[in-house]
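# Commentary on secondary and tertiary structure
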Amino acid sequence: SFLDYTSGTGVLIFEDDTHETDASRKVLRRWAAQDSRVHIILANEELSTRLERLALCRNTIIGEALTSLPEHGAIAFLDLDCSPDKPHLLASTALQLAQPDPPWGALTANSVPYRDMWALRSSRLAVNFDCWQDQREIKELGDCRRVKLRLHPDASPIEVDSAFNGVGVYSIGALRFHNASSCRYAVNSTLANGRQQPICEHVTFSQCLRQHHVRIGVLPALMSNCPCGPVCTAKTWVRVEVFPNDTLALSGHTRSPIPEKKWRRLAARVCGSENQSIKPVNIGERRILC
């Protein structure tokens, strides 16, 4: 387990089933009694939606970490249905971010293909919008299922505005240094018309971190195993690949619903210029290297 690779504080587990319909709390209490590194936090309020429960869980643990971890500590979040390919790499990443003045404030996981598109916000990786709900952008590029990302494990960390993908490591020291200790997860955003719209909780937290100049990255070597769902099975319109030398390839089939003008705008977003050379790789396929 992850605990076997670190000598840190241990693991915080938040359990939100206030009805206790199974034996979860009993099992967790027994685990905590047997291992002093395990700390259990039991919810005492009932929330209706999954997103609300996730936000409460993460906010409770962030608050506990800011209170109990040393000045330059780090905390790793793992989804229960995900696991790191290399637990020792996760531990070493946490130790790196627990050092004074780390180069990154947060590093998140990779997967093949990249899975957690709703939490991702990155112009460089083509998804800087809500790919489930932003209808204007979806009409141009398609929804979360239509963009496939493949980040080579040997590539350098890629700076993003938001990401998670099942595993994320956060520097508590960076949050304190950048006065970002008040950043929390929220599950609603207010639209221009005043209407509330659900939003991925990682995006609200990451947006706050970025406003405080905390650097967030995807660490390609930190691979996670998570259920993939429709992202892995749907027909692809756009592919983004990052190679070991950090070169990026943006490609797609000429018969995709994205016309040339919109393709150029996408190239400007990803590569920083519309004047990229489009190189034919296979018949009917267009590709841009940048």
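Structural notes, computed from the coordinates. (Residues numbered from 1 in each chain as written. Predicted model: local features only at pLDDT ≥ 70, side-chain atom pairs only at ≥ 80, totals over all residues. Heavy atoms only, no water.)

## Brief notes about the environment of Ile75
Where we set the bar: Numbering of helices and strands runs from the N terminus, with a helix taken as a DSSP run of H or I at least four residues long and a strand as a DSSP run of E at least two residues long. Note on exposure labels: buried denotes an accessible area under 20% of the residue type's maximum, exposed denotes more than 50%, and partly exposed covers the range between, all computed with a 1.4 Å probe on protein chains only. Residue contacts follow a heavy-atom distance rule, with two residues in contact if any of their heavy atoms lie within 4.5 Å.
Take Ile75: it is sitting in strand S3 (residues 74-78). On the basis of relative accessibility, which here comes to 10%, the residue Ile75 falls in the buried class. Between the C-alpha atom of Ile75 and that of Val169, which follows or precedes it by 94 residues, the distance is 5.7 Å. Those residues in contact with Ile75 that lie beyond four places of it in its chain are Ile61, Ile62, Ala65, Leu69, Gly168, Val169, Tyr170 and Ile172.

## Remarks on the nonpolar core
To keep it simple, the criterion reads: Side-chain atoms within 4.5 Å are what join buried Ala, Val, Leu, Ile, Met, Phe, Trp, Tyr and Cys residues into a set we call a nonpolar core.
Grouped together as the largest cluster of nonpolar side chains are 65 residues, with contacts concentrated most on Met117, Leu125, Tyr170, Leu209, Val238 and Leu250. Listed in part, the eleven residues of the second largest apolar core include Leu89, Trp104, Ala109 and Val167.

## Concerning the state of the cysteines
Note the threshold: Whenever a pair of cysteine sulfur atoms sits within 2.5 Å, that pair is classed as a disulfide.
Inspection of every chain in the model, using the stated rule, returns five disulfides. Two residues, Cys131 and Cys144, share a disulfide whose sulfurs are 1.9 Å apart. Sign of the S-S torsion, about 90° for the bond between Cys131 and Cys144, identifies this disulfide as right-handed. With Cys131 in the loop between strand S5 (106-110) and helix H4 (135-141) and Cys144 in the loop between H4 and strand S6 (147-151), this residue pair connects regions lying 13 residues apart in the sequence. Along the protein, the cysteines engaged in disulfide bonds are linked according to the scheme 1-6, 2-3, 4-5, 7-8, 9-10 when indexed in sequence order.

## Observations regarding the pattern of salt bridges
So the rule is basically this: Each reported salt bridge corresponds to a side-chain nitrogen of Lys or Arg within 4 Å of a carboxyl oxygen of Asp or Glu.
Within the structure shown, the criterion is met by eight salt bridges. As a salt-bridge pair, Glu137 and Arg136 come within 3.5 Å of each other at their nearest N and O atoms. On the accessibility criterion, Arg136 (59% relative accessible area) is exposed. Between Glu137 and Arg269 there is a salt bridge, and its shortest N-O distance comes to 3.0 Å. Here Glu137 is found in helix H4, whereas its partner Arg269 is found in helix H8 (residues 260-271), with 132 residues between them in sequence. Glu137 gets classed as buried once you look at its relative accessible area, which sits at 10%.

## Re the packing of aromatic side chains
For clarity, the cut-off: Under the pairing criterion, centres of Phe, Tyr and Trp rings, with the six-membered ring standing for Trp, must be within 6.5 Å; the plane angle then separates stacked pairs below 30 degrees from edge-to-face pairs above 60, leaving the rest tilted. Note on criteria: charge over ring means Lys NZ or Arg CZ within 6 Å of the ring centre, with the direction from the centre no more than 35 degrees off the ring normal.
Counted under the stated rule, the structure contains four aromatic pairs. Summarising the aromatic geometry, the rings of Phe77 and Tyr170 are spaced 5.9 Å apart at their centres and angled 70° between planes, so their arrangement reads as edge-to-face. Remark: Tyr170 occurs in strand S8 (residues 167-171) and Phe77 occurs in strand S3; sequence separation between them is 93 residues. An identical accessibility class is assigned to Phe77 and Tyr170; each is buried. Centroid distance Tyr170 to Phe205: 5.7 Å. Interplanar angle 70°. Geometry classified as edge-to-face. Of this pair, Tyr170 sits in strand S8 while Phe205 sits in helix H6 (residues 201-211), placing them 35 residues apart in sequence. Of the two residues, Tyr170 and Phe205, neither departs from the other in class, the shared state being buried. Taken together, the aromatic side chains of Phe77, Tyr170, Tyr185 and Phe205 make up a single cluster linked through ring pairs. The aromatic ring of Phe77 is capped on one face by Arg58, whose charged end is 5.8 Å from the ring centroid. Here the guanidinium or amino end of Arg215 rests over the ring plane of Trp104, the centre of that ring lying 3.9 Å away.

## Overview of the pairing of strand S11 (residues 216-225)
The cut-off we apply is this: We treat two strands as partners when DSSP finds at least two bridges between them.
Of all ten residues in S11, eight are buried; the element is thus mostly enclosed. Pairing between strand S4 (residues 83-84) and S11: two bridges, direction antiparallel. Bridge assignment links Ser83 to a residue of S11, and that residue is Asn225. The pairing of S5 with S11 spans four bridges and is classified as parallel. Residue pairing in the sheet places Ala106 in a bridge with Ile216 of S11.

## Side note on the side chain of Glu201
Looking at the secondary structure, you find Glu201 in helix H6. What makes Glu201 buried here is its relative accessible area of 4%. Aside from chain neighbours lying at most four places away, what touches Glu201 is Leu51, Leu54, Ala55, Arg58, Tyr185, Ala186 and Val187.

## Re unusual backbone geometry
Cis geometry marks the peptide bond from Val112 to Pro113; its omega dihedral reads -10°. Its location among the elements puts Pro113 in the loop between S5 and H4. Non-glycine residue Asn165 carries a positive phi angle of around 65°. Of note, Asn165 is situated in the loop between strand S7 (158-160) and S8.

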